[in-house]
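# Structural description and commentary
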Amino acid sequence: MSRTTTMTVRISGALSEFVASNVGENGAYENISEYVRDLIRRDKERVEREAYDRLKAELTLAFAAPEESYRTLTAAEVIARNQG
């Protein structure tokens, strides 16, 4: 079950005006909460995409390595390497 958290954010000046221009009758969002939730979702997706891209780049390098550079590891060696 998800939990709802209420947060208070204070913004002023240009940021406040920018938010106001994106909310309401002429904006893309019905209210500020909807706008902030969308921004958070997009940022979460960006972080996940960046992590995926880093993993993909590492795997690309690993698979491009010459086969003779591979070495057999036991499960214990992999676990030890990843713990340290």
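Analysis parameters
- Residues numbered from 1 in each chain as written.
- Predicted model: local features only at pLDDT ≥ 70, side-chain atom pairs only at ≥ 80, totals over all residues.
- Heavy atoms only, no water.
- Helix = DSSP H or I, 4+ residues; strand = E, 2+ residues; numbered from the N terminus.
- Rg over C-alpha atoms; globule rule 2.2 N^0.38 Å.
- Buried < 20%, exposed > 50% of the residue type's maximum accessible area, 1.4 Å probe, protein only.
- Areas by Shrake-Rupley, 256 points an atom, 1.4 Å probe, with all protein chains shown as cover.
- Lys, Arg positive; Asp, Glu negative; His and termini not counted.
- Charge placed at Lys NZ, Arg CZ, Asp CG, Glu CD.
- Phe/Tyr/Trp six-rings, centres within 6.5 Å; stacked < 30°, edge-to-face > 60°.
- Patch = residues over 30% accessible without salt bridge, like charges linked within 9 Å, V, L, I, M, F, W, Y side chains within 5 Å.
- Salt bridge = Lys/Arg side-chain N within 4 Å of Asp/Glu carboxyl O.
- 1 Å grid on protein atoms, 1.4 Å probe; cavity = no way out; pocket = protein on both sides within 12 Å on 5 of 7 lines; lining within 4 Å.
- Points joined across faces, edges and corners; volume = space filled by probe spheres on them.
- Nonpolar A, V, L, I, M, F, W, Y, C, P; charged D, E, K, R; others polar.
- Contact = heavy atoms within 4.5 Å.

## What about the overall build of the protein?
Helix and strand counts for the protein come out as 3 helices and 0 strands. Helices and strands in the protein line up, N terminus first, as α-α-α. Computed over C-alpha atoms, the radius of gyration of the protein comes to 23 Å, more than 25% over the 12 Å expected from 2.2 N^0.38 for 84 residues, which places it beyond the range of a compact globule. The principal-axis extents of the C-alpha atoms in the protein amount to approximately 65 × 30 × 25 Å. The 84 residues of the protein split such that 7% are buried. Element-wise, carbon and sulfur atoms account for 55% of the exposed surface of the protein, whose accessible area totals about 8100 Å². Here the protein contributes 12 positively and 14 negatively charged side chains, and the mean placements of these two sets differ by 5 Å.

## Here we look at the packing of aromatic side chains
On inspection of all chains with the given rule, the structure shows 1 aromatic pair. Judged by centre distance (4.7 Å) and plane angle (35°), the rings of tyrosine 29 and tyrosine 35 are tilted. Tyrosine 35 carries the same exposure label as tyrosine 29, and that label is buried.

## A few points about a nonpolar patch on the surface
A cluster of nonpolar side chains, namely Met7, Val9, Ile11 and Leu15, defines an oily patch on the protein surface of about 450 Å² accessible area. In this structure, isoleucine 11 sits in the segment before α1 (13-22). Given the relative accessible area of 39%, isoleucine 11 is considered partly exposed.

## What about the layout of surface pockets?
Computed from the structure, the largest pocket encloses a volume of approximately 670 Å³. Around the largest pocket, the lining is made up of 19 residues, and of these Met7, Ser33, Val36, Arg37 and Ile40 lie nearest the centre. Taken together, the elements giving at least two residues each to the lining of the largest pocket come down to α1 and α2 (32-64). Sorting elements by how many residues they give to the lining of the largest pocket places α2 first, with 9 residues. Here the lining of the largest pocket is composed, by residue class, of 9 nonpolar, 6 polar and 4 charged.

## Overview of the environment of alanine 28
Looking at where alanine 28 falls in the secondary structure, it is placed in the loop between α1 and α2. Sequence-distant contacts of alanine 28, defined by excluding residues within four places in its chain, comprise Asn22 and Glu34.

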